[in-house]
Protein chains: 2
Amino acid sequence: MRLRDIGERKLIDIIRRASWGHPRVEVGVGDDAAAVKNQGRLTVVTSDSLVEGVHFPSGISPEDIGWRAAVASLSDLAAMGAHPSALLFCVLMPASTELEFFRKLFKGIQQAGRVFDAPVVGGDLAEHGTLCISGFAVGYADRVLTRSGAKPGEYIGLTGPVGAASAGLHALGHGESGRWSKLVRTFLRPKARVREGEVLARAGASAAIDVSDGLVTDLRQLARASGVRILLERVPVHGLAREYAEAVGKDPMDFALFGGDDYELVFTYPRKIERKLERALREVGCSMVRVGKIEKGKGVFLKVDDRLKPLPELGYEHFKKRENKR
Amino acid sequence: MRLRDIGERKLIDIIRRASWGHPRVEVGVGDDAAAVKNQGRLTVVTSDSLVEGVHFPSGISPEDIGWRAAVASLSDLAAMGAHPSALLFCVLMPASTELEFFRKLFKGIQQAGRVFDAPVVGGDLAEHGTLCISGFAVGYADRVLTRSGAKPGEYIGLTGPVGAASAGLHALGHGESGRWSKLVRTFLRPKARVREGEVLARAGASAAIDVSDGLVTDLRQLARASGVRILLERVPVHGLAREYAEAVGKDPMDFALFGGDDYELVFTYPRKIERKLERALREVGCSMVRVGKIEKGKGVFLKVDDRLKPLPELGYEHFKKRENKR
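Notes on the environment of Cys-286 of chain B
Residues and elements named next belong to chain B.
Thought 1: Looking at the element boundaries, Cys-286 is found in the loop between helix H10 (274-283) and strand E11 (289-295).
Thought 2: What makes Cys-286 buried here is its relative accessible area of 5%.
Thought 3: Taking C-alpha positions, Cys-286 is 7.5 Å from Gly-160, a pair spaced 126 residues apart along the chain.
Thought 4: In this view, Cys-286 contacts Thr-159, Glu-196 and Leu-281; residues no more than four positions away in its chain are not counted.

Let's talk about the interface of chain A and chain B
Thought 1: Contacts between chain A and chain B engage 70 residues on the former and 70 residues on the latter.
Thought 2: Around 6200 Å² of area is buried between chain A and chain B when both sides are counted, 64% of it from carbon and sulfur atoms.
Thought 3: In this structure, the connection of chain A to chain B is made through two salt bridges.
Thought 4: Arg-24 of chain A is paired through a salt bridge with Asp-117 of chain B; the nearest N and O atoms lie 3.2 Å apart.
Thought 5: Taken together, chain A and chain B are joined by twelve residue pairs in polar contact (both at pLDDT 80 or more).
Thought 6: Put simply, the parts of the chain that give the side of chain A that touches chain B at least two residues each are helix H1 (8-18), strand E2 (34-38), strand E3 (41-51), strand E4 (83-93), helix H3 (99-115), strand E5 (120-127) and strand E6 (132-141) of chain A.
Thought 7: Taken together, the residues that form the side of chain A that touches chain B break down as 35 nonpolar, 22 polar and 13 charged.

Examining the relation of the copies chain A and chain B
These two copies of the chain differ by a rotation about an axis and a displacement along the same axis.
Thought 1: Relative to chain B, chain A is turned by 180 degrees and slid 0.0 Å along the rotation axis, the superposed coordinates differing by an RMSD of 0.0 Å. Seen this way, the second copy is the image of the first under a two-fold rotation axis.
Thought 2: Same-surface contact between copies: 99% of interface residues of chain A are shared with the interface of chain B.

Details of the confidence of the model for chain A
Thought 1: For chain A, per-residue confidence averages 90 on the pLDDT scale, and residues scoring 70 or more make up 94% of the total.
Thought 2: The complex prediction reports pTM at 0.90, with the ipTM value standing at 0.87.

Points about the environment of Ala-150 of chain B
All names here are of chain B.
Thought 1: One can find Ala-150 in the loop between strand E6 (132-141) and strand E7 (155-158).
Thought 2: The exposure class of Ala-150 is buried, given its relative accessible area of 4%.
Thought 3: Between the C-alpha atoms of Ala-150 and Ala-205, which are 55 residues apart in sequence, the distance is 8.9 Å.
Thought 4: Setting aside anything within four residues of it in sequence, one finds Ala-150 in contact with Ser-206, Ala-207, Leu-222, Ser-226, Val-228, Thr-268 and Ile-294.

Let's talk about unusual backbone geometry
Thought 1: At Gln-39 of chain A, a residue that is not glycine, the phi angle is positive and equals roughly 55 degrees.
Thought 2: Mapping Gln-39 of chain A onto the fold places it in the loop between E2 and E3.
Thought 3: Unlike most non-glycine residues, Tyr-263 of chain B shows phi in positive territory, near 60 degrees.
Thought 4: Take Tyr-263 of chain B: it is sitting in the loop between helix H9 (252-258) and strand E10 (265-269).
Thought 5: Overall, Tyr-263 of chain B belongs to the buried group, its relative accessible area being 7%.

So, the packing of aromatic side chains
Thought 1: Under the definition given, this model contains 13 aromatic pairs over all chains.
Thought 2: Seen from their ring centres, Phe-136 of chain A and Phe-136 of chain B are 4.4 Å apart, and the 10 degrees between their planes marks the pair as stacked. Placement of Phe-136 of chain A in strand E6 and of Phe-136 of chain B in strand E6 is noted, with the two residues assigned to different chains.
Thought 3: Pairing Tyr-155 of chain A with Tyr-269 of chain A gives two aromatic rings, centres 6.0 Å apart and planes at 65 degrees, and the pair type is edge-to-face. Of this pair, Tyr-155 of chain A sits in strand E7 (residues 155-158) while Tyr-269 of chain A sits in strand E10 (residues 265-269), and the two are 114 residues apart along the sequence.
Thought 4: Ring pairs connect the aromatic residues Tyr-155, Phe-267 and Tyr-269 of chain A, which therefore count as one cluster.
Thought 5: Positioned above the aromatic ring of Phe-187 of chain A, the side-chain terminus of Arg-68 of chain A is 4.1 Å from the ring centre.

What counts, and at which threshold
- Residues numbered from 1 in each chain as written.
- Chains lettered and ligands numbered in written order.
- Predicted model: local features only at pLDDT ≥ 70, side-chain atom pairs only at ≥ 80, totals over all residues.
- Heavy atoms only, no water.
- Helix = DSSP H or I, 4+ residues; strand = E, 2+ residues; numbered from the N terminus.
- Buried < 20%, exposed > 50% of the residue type's maximum accessible area, 1.4 Å probe, protein only.
- Contact = heavy atoms within 4.5 Å.
- Buried area = accessible area lost by both parts, 1.4 Å probe.
- Salt bridge = Lys/Arg side-chain N within 4 Å of Asp/Glu carboxyl O.
- Polar contact = N/O pair within 3.5 Å; in protein donor to acceptor, adjacent residues only side chain to side chain.
- Nonpolar A, V, L, I, M, F, W, Y, C, P; charged D, E, K, R; others polar.
- Least-squares fit on C-alpha atoms with pLDDT ≥ 70 in both.
- pLDDT = per-residue confidence, 0-100.
- Phe/Tyr/Trp six-rings, centres within 6.5 Å; stacked < 30°, edge-to-face > 60°.
- Lys NZ or Arg CZ within 6 Å of the ring centre and 35° of its normal.

Encoded structure:
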């Protein structure tokens, strides 16, 4: 059997088996980041590889690539509720790469590092045919948020509307600019919800994950890890993403439910702390939105016209097609 | 200007500029690892990329590749005097790679992690034409050893003889086995001097670096970072490497001075703590060897027949040729 024939979960299982039950490990392989005990505090670590043409389109500026690579790693820390300590990057690129490209790439990394309080403390460079950036972020927390803490009866919240980044990627790919430049910028310069994550961990949220692969895909991971069913009652679609979707004849829910790269945090919490969470998040400039609730069972369901519809893994177009057949 | 036209130091300068003077950063870009303050302790982080055909020969077993990748990162922690907390690996490999290869690669990583008390807590996998492994190690220390702490008047020590790994690589490349299998194994399964590094940091060594690129190359980095001249008075060549060199008609000093991959630590220390260091290292099973001293000035010099010869960057063969011309 070859790598292309097996899924990511199988590979993660292999890596998980390499991680034996070391007493220092609080959270091991399989969450947004891992957490290791260190003098009463937790050291939180995560790694992410971005390959040109796979994880970002060819042709975007080196500063934007650098920024996105940094945010991808920082967002994993945010989803754990950790504050960043430092960033490191291993960069592979062709020997023919212009020095200026490399300089700008690190400029973008540095810009994100400054905004999210994460100094760049190291890096490594090797020659390789395709541009690839492996980012490594380390942070700390007194308590971490995992994907596995959600319990039936709890609510689900989002740190903000979704769909803007994937609408921006769509606009970018279709040469749209001008009116939609703000959307494109949301894709190119996403924010890591670092302060929001820290607030959630301190205020008592029970689980969290960042919206990197798409709301439904990421919620499915959370549902699976927690052993619960997720009921989405409301999906806050980014206003401009909705406008864009209408202008290009797409369903805005497709961007919101299945588009990734928003890096908002989706989290669960006991009902009784909702007010407290709202207040705490408002203090860091974030208006949370309650989007649903946790039930016993499994899977991710969407409430449409007061009926529950299971959401598929294959995307919204697939969902709509199936719905239309009924 | 393109990447292939510029040296590693220039690239590190670019990365260093991306690392602004953050108050949490104790040691930034340019040492074996970086160190960030965390509640009175230091969090030590390092990254290393290994590319097939560049950093390791094609055809060695996946377990050995995994072990070597883990040790390369752990050795950087050792050179800082840090104890490992955790390891993460980003692996790029062709989609046609056998699943078994991936499994064995992580088995090798795990074996090294167990031996050196470093749980594997994460990893990422992406498709790419050539096998490439980016390793990240995080550790902790109360005090770190940098490359820049050496002072004139101090001694230089080594945690063990050098030359075995590069002799092993030579034997491997020339299809030699049987009698030299122990040398080959030294190359394929190097040790990270983790306990030795911790002992050195605690007992008051002033600087350290691991012998990864070759003794002279690594000493030159230390001399440059500390602003001192290094005088090598004695080079402990690994016994079997010496035998092998003689059997294949090579100069054993070439392996010892310019061969890398030994991962011994070379360190500097005030003369008055020599006994204390020896005793402390003996407790972790290590017999240190004093190899020279630090003077004012710059460069790395070798004492040959009571005369000082500057050691070139280009290797021992070059050094001998120049000597023979005189």
